[in-house]
Each structure stands twice: as structure tokens, then as C-alpha cells.
Amino acid sequence: MRKFLAILMIVLMIAPERTNAQGCVAIRSTGAMCMKPDATADAHKGWQLNTSYRYFRSFRHFVGTEEQKERLEHNTEVINWQHSLDLALVRHFNSRWSLAMNMPIISNVRSSLYEHGGNNAGKNARNKTRSFGVGDIRFTGYYWLLDPAKSRKGNIQVGLGIKLPTGDYKYQDFFVKNDSTKILGPVDQSIQLGDGGTGFTTEVNAYYNFSENIGVYGNFYYLFNPREQNGVSTARGGTPSATAITYGSSVMSVPDQYMARAGVIASLDGISFSAGARMECVPSTDLIGGSSGFRRPGYVLSVEPGLAYQFKKFGAFATVPIALKRDRTQSYADKQRTRITGVYAQGDAAFADYSINIGCSFKL
């Protein structure tokens, strides 16, 4: 079987909120894109280094699936720029078992009016907050369910991992209130480097080759975050409002996140072209543990073209997920407010039009 499935796994939110799936909906890079050749290419024992870089700019605000276009017209939009570099060191024990360590290095910039002088204070009130550092580190064990030596057309890989709260989830910067007043406080949840919780990850990666040149792939990743809240205030250095306290959004939550990908791939002489669909999501309710605290739940459904190259011990890839549907869903706090007041409540979030993912892989 030829080494032509060169873009099989990502995660990663996000995350993670995180890596930020797409802006204010924080899906952290706890499971970023990494190179994963087909199973027969993993038959060697040894080490492999995977590197991947992701960039996006979020600025389009949505409530549900409806874009709030007036935010751009009135210059009140929030803009997030994110650069994340994911370093993954993989140890292959044999053709079926491997262990990976993922360490994201994240640089975020957030521009807004409302966090500083206010949305009605004019364009000169717009300022930026920043964060930079190591994100949440993840360790994952992987296993091919079928013997690669016997199953040459397709295989399924499963992964179980642990995500450690190594990223600074209390990162602070200054909020500029006027020419003479700055307040130091925790930056917005969407640009925090970590989520403050110890999480557990599950992954499924699969492929099937119809011929030497045509195949299909699929990936699924879920991060379970049992911790409900991390205790970090959402008041940006100020005093939480009575409304935030009443509806449980005065401190940041530690949300789950998940991602799914599927598509087709064609290869020729070491070059692979792929086309697929990709979904990244922060749910409003966690599968394990409570769900209170501040979060911006939502999902992005994208079409994802890609290009990959594999040559002996080196591989490289690039994908550009382009958003087709963005949905800022109702959060736990929104639901609480709706229940208490009897008036339907739903917050907004900013999303990107696309993201850029590039990376490479070296067998050491």
C-alpha cells in the first residue's frame, strides 16, 4: 500500500478554548492537526516529530445562525487573531501501538470596544489584550484495531488520552478604560491559554483505500472536561454584575469540546489531494460533570480542502477549512436566564470565515 494518506488526524480544541475553534467559541488546540500516514507506514519502531501551525481571524458575530451584520457596520465587532503551533512527539512501539505528547504554543490578540472604553465611546476607545505561552499538554496512546500487515486497504485507529491543565487559565492583561485608567484583569475566555481542567480524550481515526490512488478518511475527537468551573472571574478586573452572579456566568466554565472530519483523498506520486467536511463544537452541556459558568457554546461546519506530500521520512500538509455554517447556540447561563425571566435569552459570539492549517512530520 502506498504512503498516501498523509492527513489523517486532528483535534483540538479549541480549543480550547482554547485553540479556539473559531474565535469567541473557544475550541482549544489540545488536539491539533498532525500528520498520520497509513498504518503500514507506521510499522517501524522509533520516534516521530509532528509540527502543525494554525491561524484564524474571527470577527463575524452570530446569535444562533443569524449574523449580526450591524456589528461590522457600527465598528463594535470583537476581533480575535490566533496563532498556534502544536508540537507532537510520537513514540512508535510497533506497527500497532504508539504514544504521543502534544504541546501547543499559543499567541492570541483580542481587539474590542466593550471591554475597554465601551461600544459608545467611539473608535478611539478600541484597544487590545494579548496572551502568549504554552497551552494544555496532552498525552495519548493509540492502537490500530486491525493488523496492518494483513489489513492493507483500510484500518481503524483508536486513541485514549489525558489533557493536563498546563496552560495559564488566569492570564491577565490591562483593559484601557480611558486615557488615565487601566485595569489589570483576566483576559477573555476565548484567548486564555488553558481551560483549567484535567480532561480525558477519545479519538477514532479511520481510512479505506478503494485503489492505489483513491480513498476515504474519517476522524473523531472528544474532550471530556469533568471540572465544572475554574474560578476565574469574567469581570475583567472589575466586580461581577448581579446579573452574571444570578445566572451563573460570573466565573469561567471548563467545557467539553469535540471535532469530526470526513472526506475523500486522491494521491499520485506522493502528493495527496483531499476534500472533506469538518465540524468543531463546544456543547452547552458537558457529558460528565456540571455545565454552569461562562462559556460561549456553538459549532462551525466547514468544507475542508487539503494538500499533502509524503517523501520517505518527511511529510507535509496544508488544509484550509472554509466555514459554511456558524451557530452560536444557547448556553447554560442563557437557559437559566430564560427559565428565570420567562424571556428567551441567547448570547452572541464571533467566528472566522476560514482557518489556515499547515504542518510537517519527520521520522527520527
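The rules we used
Residues numbered from 1 in each chain as written. Predicted model: local features only at pLDDT ≥ 70, side-chain atom pairs only at ≥ 80, totals over all residues. Heavy atoms only, no water. Phe/Tyr/Trp six-rings, centres within 6.5 Å; stacked < 30°, edge-to-face > 60°. Buried < 20%, exposed > 50% of the residue type's maximum accessible area, 1.4 Å probe, protein only. Helix = DSSP H or I, 4+ residues; strand = E, 2+ residues; numbered from the N terminus. Salt bridge = Lys/Arg side-chain N within 4 Å of Asp/Glu carboxyl O. Polar contact = N/O pair within 3.5 Å; in protein donor to acceptor, adjacent residues only side chain to side chain. Patch = residues over 30% accessible without salt bridge, like charges linked within 9 Å, V, L, I, M, F, W, Y side chains within 5 Å. Areas by Shrake-Rupley, 256 points an atom, 1.4 Å probe, with all protein chains shown as cover.

Chemist: Tell me what's going on with the packing of aromatic side chains, and back it up with residues and numbers.
Modeler: Between two aromatic rings, the relevant description is the distance of the centres plus the angle of the planes. For the coordinates displayed, the defined rule picks out nine aromatic pairs. Considering the side-chain rings of Tyr-222 and Phe-224, the 4.6 Å spacing of their centres and the 45° angle between planes classify their relative orientation as tilted. Like Phe-224, Tyr-222 is buried. Ring geometry for Tyr-222 and Tyr-258: centres 5.7 Å apart, planes at 10°, overall stacked. In this pair, Tyr-222 is assigned in strand 13 (residues 214–224) and Tyr-258 in strand 16 (residues 257–268), connecting sequence segments 36 residues apart. The structure contains a cluster of three or more aromatic residues connected by ring pairs, namely Phe-220, Tyr-222, Phe-224 and Tyr-258.

Chemist: Any chance you could break down the pattern of salt bridges for me, citing the residues and the numbers?
Modeler: For the coordinates displayed, the defined rule picks out 19 salt bridges. Between Arg-296 and Asp-188 there is a salt bridge whose closest N-O contact spans 2.8 Å. One end of the pair, Arg-296, is in the loop between strand 17 (271–282) and strand 18 (298–311); the other, Asp-188, is in the loop between strand 11 (181–186) and strand 12 (199–209), and 108 residues separate them in sequence. By the burial criterion, Arg-296 is buried, and Asp-188 matches it. With a shortest N-O distance of 3.4 Å, Glu-280 and Arg-278 are connected by a salt bridge. With relative accessibility at 2%, the residue Glu-280 sits in the buried group. The exposure class of Arg-278 is buried, given its relative accessible area of 4%. Each of Arg-54, Arg-261, Arg-278, Glu-280 and Glu-304 takes part in a single network of salt bridges with overlapping partners.

Chemist: Give me unusual backbone geometry: which residues, what numbers.
Modeler: Although it is not a glycine, Arg-236 sits at a positive phi angle of roughly 55°. The residue Arg-236 is located in the loop between strand 14 (229–233) and helix 2 (242–246) in this model. The exposure class assigned to Arg-236 is buried, which follows from its relative accessible area of 15%. Of note, the phi angle at Asp-269 is positive, near 55°, even though the residue is not glycine. Summarising the element assignment, Asp-269 is placed in the loop between strand 16 and strand 17.

Chemist: Before we move on, can you summarise the side chain of Asp-136 with the specific residues and values?
Modeler: With respect to the element layout, Asp-136 can be found in the loop between strand 7 (127–134) and strand 8 (138–144). Using a relative accessible area of 1% as the deciding quantity, one classes Asp-136 as buried. In terms of polar contacts, Asp-136 uses its side chain to reach the backbone amide nitrogen of Thr-166, at 3.4 Å. A distance of 3.3 Å separates a polar side-chain atom of Asp-136 from the backbone nitrogen of Asp-195.

Chemist: Quick rundown of a nonpolar patch on the surface? Include the residues and the values.
Modeler: A cluster of nonpolar residues, Trp-47, Leu-89, Ile-271, Phe-273, Leu-307, Tyr-309, Phe-311, Phe-314, Phe-362 and Leu-364, forms a patch on the protein surface that exposes about 920 Å² of accessible area. Looking at the nonpolar patch, the elements with two or more residues in it are strand 17 and strand 18. Counting residues per element, the nonpolar patch draws most heavily on strand 18, which supplies three residues. Looking at the secondary structure, you find Leu-89 in strand 5 (residues 79–92).

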